[in-house]
Amino acid sequence: MRIILFGSPGVGKGTQAKIISKNLNIPHISTGDILRKAVKEQTELGRKAGEIMSRGELVPDDLMIALIKEVLASDECKKGFILDGFPRTTVQAEALDKLFSQIGINDAVLINITADENEIIKRLNNRRACKQCGNIYVLKDIEGMKTCPNCGAENSFYLRNDDKEEVIKNRLEVFKSTTMPVLDYYKSKGRVIEVNGLDTIENVNKEIIEALKAKNLYH
Ligand code: AMP
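Residues numbered from 1 in each chain as written. Predicted model: local features only at pLDDT ≥ 70, side-chain atom pairs only at ≥ 80, totals over all residues. Heavy atoms only, no water.

A.B. asks: An account of the environment of Val167 is requested, with residue identities and associated values reported.
C.D. replies: In this structure, Val167 sits in helix H7 (residues 165-187). Counting along the chain gives 30 residues from Val167 to Tyr137, while the straight-line C-alpha distance between them is 19 Å. Excluding anything up to four places from it in sequence, Val167 contacts Ser54, Arg55, Gly56, Asn161 and Asp162. (Helix = DSSP H or I, 4+ residues; strand = E, 2+ residues; numbered from the N terminus. Contact = heavy atoms within 4.5 Å.)

Here is the structure:
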C-alpha cells in the first residue's frame, strides 16, 4: 500500500502516519523528520535546509526530489510506504509520478486531512516536540513530565522553531499558495480520500481506515 498523507501543517499527518505505519507494517517517511535529523547532524543537506526551515519556507524542489528518490529506492519501501510531507509542490508531485511509473507503482492514494485554520494555529502553538526522538505532544498531555514517554529522554520537550506563531503564519501561507495546488493535481487523477481532521486521533484514524476499506485498499 502506498499512501500520501496530505494536509496543512499541524493537521495531524504525522500522528496518523505513525498509527497507520504500525497497523499496516509499512514505513512512515516524513520528509520533515528526515530534514530535522539532517539539521541536527549538520550534514550537507542539513546545512542547506536549516535556515529555510526555520523561516517556515520550503526546501528547494531539486533537493527534496533527490532525497525522496533515494528513500523510495531503499529496501524498506519495497512493500509500501506512507509519505508525510511530500509532495509539497506540483513540481514534486510530477516528479513523484514519474518515479512511480519508473518503478511500476500505480496504486498510490492521497489522503487529504482537512481542518480549520484557526484550529491549526491553536494546535501548533500548543504542541511540543521531543528533541531526541521528534515525537510530538500536546502541551497539556506532558505537563509536569520530565521524560519523553516515547524514548525516555530527560527534559527534552521544546517548541519547534517553526511552531512559533510568526513562523506558523508563514507556513500556512506557503501551504495555501504552493502546496494546495498539489491536491487539485491528484484530484484530477481520481485517487483522493477526504478525511475531517477536527476530531479525536482515534476517530480520525477510524475514518481513514473506513475510507481505505471502502476502496478495498485496507486488508
Ligand atoms: P514538516 O515537519 O512536514 O512540517 O516539515 C518541516 C519543514 O521541512 C517544512 O516547513 C519545510 O521547510 C521542510 N520540508 C519538509 N518537507 C518538504 C518538502 N516536501 N518540500 C520542501 N520542504 C519541505
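A.B. asks: Which residues make up the layout of surface pockets, and what values do they have?
C.D. replies: Approximately 600 Å³ is the volume found for the second largest pocket. Lining the second largest pocket are 22 residues, and of these Arg36, Lys37, Val39, Lys40 and Tyr158 sit closest to its centre. Only helix H2 (31-40), helix H3 (44-54) and strand S5 (127-130) provide two or more residues apiece to the lining of the second largest pocket. For the lining of the second largest pocket, the element with the most residues is H2, which contributes 5 residues. (1 Å grid on protein atoms, 1.4 Å probe; cavity = no way out; pocket = protein on both sides within 12 Å on 5 of 7 lines; lining within 4 Å. Points joined across faces, edges and corners; volume = space filled by probe spheres on them.)

A.B. asks: Would you mind going over empty space enclosed by the protein in detail, with residue names and values included?
C.D. replies: Going through the model one piece at a time under the given rule, you end up with 1 cavity of 30 Å³ or more. Reported here for the largest cavity is a volume of approximately 80 Å³. For the lining of the largest cavity, the secondary structure elements donating two or more residues are strand S1 (2-6) and H7. Considering each element in turn, the lining of the largest cavity owes the most residues, 3 residues, to S1. The residue makeup of the lining of the largest cavity, split by class, is 7 nonpolar, 4 polar and 2 charged. (Nonpolar A, V, L, I, M, F, W, Y, C, P; charged D, E, K, R; others polar.)

A.B. asks: Outline the site of the ligand, listing residues and values.
C.D. replies: As a matter of local geometry, the ligand sits amid 16 residues, with Thr31, Arg36, Glu57, Gly85 and Gln92 nearest to it. Arg36 places a polar side-chain atom, nitrogen or oxygen, 3.0 Å from an oxygen atom of the ligand. A distance of 2.5 Å separates an oxygen atom of the ligand from a polar backbone atom of Glu57. For the ligand, whose free accessible area comes to 470 Å², the fraction covered by protein is 96%. Looking at the shell around the ligand residue by residue, the class counts come to 6 nonpolar, 4 polar and 6 charged. (Near = heavy atom within 4 Å. Polar contact = N/O pair within 3.5 Å; in protein donor to acceptor, adjacent residues only side chain to side chain. Areas by Shrake-Rupley, 256 points an atom, 1.4 Å probe, with all protein chains shown as cover.)

A.B. asks: Describe the pairing of S1, listing the residues and the values that go with them.
C.D. replies: Here S1 lies mainly inside the structure; 5 of its 5 residues are buried. Both faces of S1 are covered, namely the face carrying Arg2, Ile4 and Phe6 and the face carrying Ile3 and Leu5. Looking at chain direction, S1 and strand S3 (residues 81-84) are connected through 4 bridges and run parallel. Each residue of the ladder has a partner; that of Leu5, found in S3, is Asp84. (Buried < 20%, exposed > 50% of the residue type's maximum accessible area, 1.4 Å probe, protein only. Pairing = 2+ DSSP bridges.)

Purely geometric stuff here, so don't read any function into it on its own.
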